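Commentary on secondary and tertiary structure
Each chain is listed here by its residues.
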Amino acid sequence: MENESRTVVAESGSVLRQVHEVSRLTGVSIRTLQYYDKIGLFHPAKYTEAGYRLYDDAALETLQQILLFRELEFPLKDIGEIIGSPDFDRSKALEQQIELLKLKKEHIETLIDLAVGIKAMGVKEMTREGFEAFDTRKIDEYARQAKATWGTTNAYKEYEQKSKDWTKADRE
């Protein structure tokens, strides 16, 4: 049975949404959703006889994961490897995504403070402190560690080998 918002209710009672509704709901363009399907990153739950894509809540949860990784600037190829890995732990990934987002927020707040200070007082002298706000090494390192944790890729194996003798201080 189909209603006017292009939502389909399956015989099981689960809600299936057509691509137009998913696009409106998520802000992701129809073309992007179709591209994600084409490259094997994000598939609909099923197709209608006419070939229309239908998405259930489980598919939308996957899309949320993809969008969080994209927000963190992960390449689509890496996202596919991560969420397709048999070792993928959604809960652990969310914890690490939250930490990365907090680091990015902290970085942006530092940049805002720098810009406000420059506007208010101008640039006094060029010192290391005047450029610390642009340092993304902490974010980059955490992102690398998180990517390594989520995947069984060659990068993960390389990270494991390099970090096996690290102390706790080395990891911080």
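Below: a short report on this structure. (Residues numbered from 1 in each chain as written. Predicted model: local features only at pLDDT ≥ 70, side-chain atom pairs only at ≥ 80, totals over all residues. Heavy atoms only, no water.)

The subject of this paragraph is the overall build of the chain. Looking only at helices and strands, the chain features eight helices and four strands. Each helix and strand of the chain, placed in order from N terminus to C terminus, yields the pattern β-β-α-α-β-β-α-α-α-α-α-α. Counting the 172 residues in the chain, one finds 28% classified as buried. The long-range share in the chain, meaning contacts at least 24 apart out of those at least 6 apart in sequence, stands at 52%. With an accessible surface of roughly 11,800 Å², the chain has 51% of that area assigned to carbon and sulfur atoms. (Helix = DSSP H or I, 4+ residues; strand = E, 2+ residues; numbered from the N terminus. Buried < 20%, exposed > 50% of the residue type's maximum accessible area, 1.4 Å probe, protein only. Contact = heavy atoms within 4.5 Å. Areas by Shrake-Rupley, 256 points an atom, 1.4 Å probe, with all protein chains shown as cover.)

With that settled, consider the environment of Ile139. Relative to the assigned elements, Ile139 resides in helix H6 (residues 137–150). According to the relative accessible area criterion, Ile139 is buried, its value standing at 14%. Along the chain, Ile139 and Lys104 lie 35 residues apart, while their C-alpha atoms are 6.9 Å from each other.

Pairing between side chains of opposite charge can happen when their charged atoms approach one another. By the definition in use, this model includes four salt bridges. For Arg17, the salt bridge goes to Asp57, with nearest N and O atoms at 3.1 Å. A residue pair is termed long-range when its members are at least 10 positions apart, and Arg17 in strand S2 (residues 15–18) and Asp57 in helix H3 (residues 57–71) qualify at 40 residues. Assessed through its relative accessible area of 18%, Arg17 is described here as buried. A salt bridge links Arg53 to Asp37; the shortest N-O distance between them is 3.0 Å. Of the two residues, Arg53 sits in strand S4 (residues 53–55) while Asp37 sits in helix H2 (residues 30–38), which places them 16 residues apart along the sequence. Side by side, Arg53 and Asp37 carry an identical accessibility label, which is buried. In the salt-bridge network here, residues are joined through shared partners; they are Arg17, Glu21 and Asp57. (Salt bridge = Lys/Arg side-chain N within 4 Å of Asp/Glu carboxyl O.)

Below, the discussion takes up the nonpolar core. If you look at the biggest cluster of nonpolar residues, it comprises 23 residues, and the most contacted ones within it are Leu33, Phe42 and Tyr55. Among the elements of the structure, helix H1 (19–26), H2, H3, helix H4 (76–84), helix H5 (90–121) and H6 are those that each provide at least two residues to this core. Looking at this core, the element that brings in the most residues is H3, giving five residues. When residues no more than four places from it in sequence are discounted, the contact partners of Leu33 are Val19, Val22, Ser23, Val28, Phe42, Tyr55 and Leu63. (Core = buried A, V, L, I, M, F, W, Y, C linked by side-chain atoms within 4.5 Å.)

What follows concerns H3. With 15 residues, H3 extends 21 Å from end C-alpha to end C-alpha; this agrees with the ideal 21 Å at 1.5 Å per step. Ala59, Leu60, Leu63, Gln65, Ile66 and Phe69 are the residues of H3 that are buried. The residue sitting at the N-terminus of H3 and contributing the capping side-chain oxygen is Asp56; that oxygen lies 3.3 Å from the backbone nitrogen of Ala58. Directly after H3, the chain includes Glu73, whose backbone phi takes a positive value near 70 degrees. (Expected span 1.5 Å × (residues − 1). Polar contact = N/O pair within 3.5 Å; in protein donor to acceptor, adjacent residues only side chain to side chain.)

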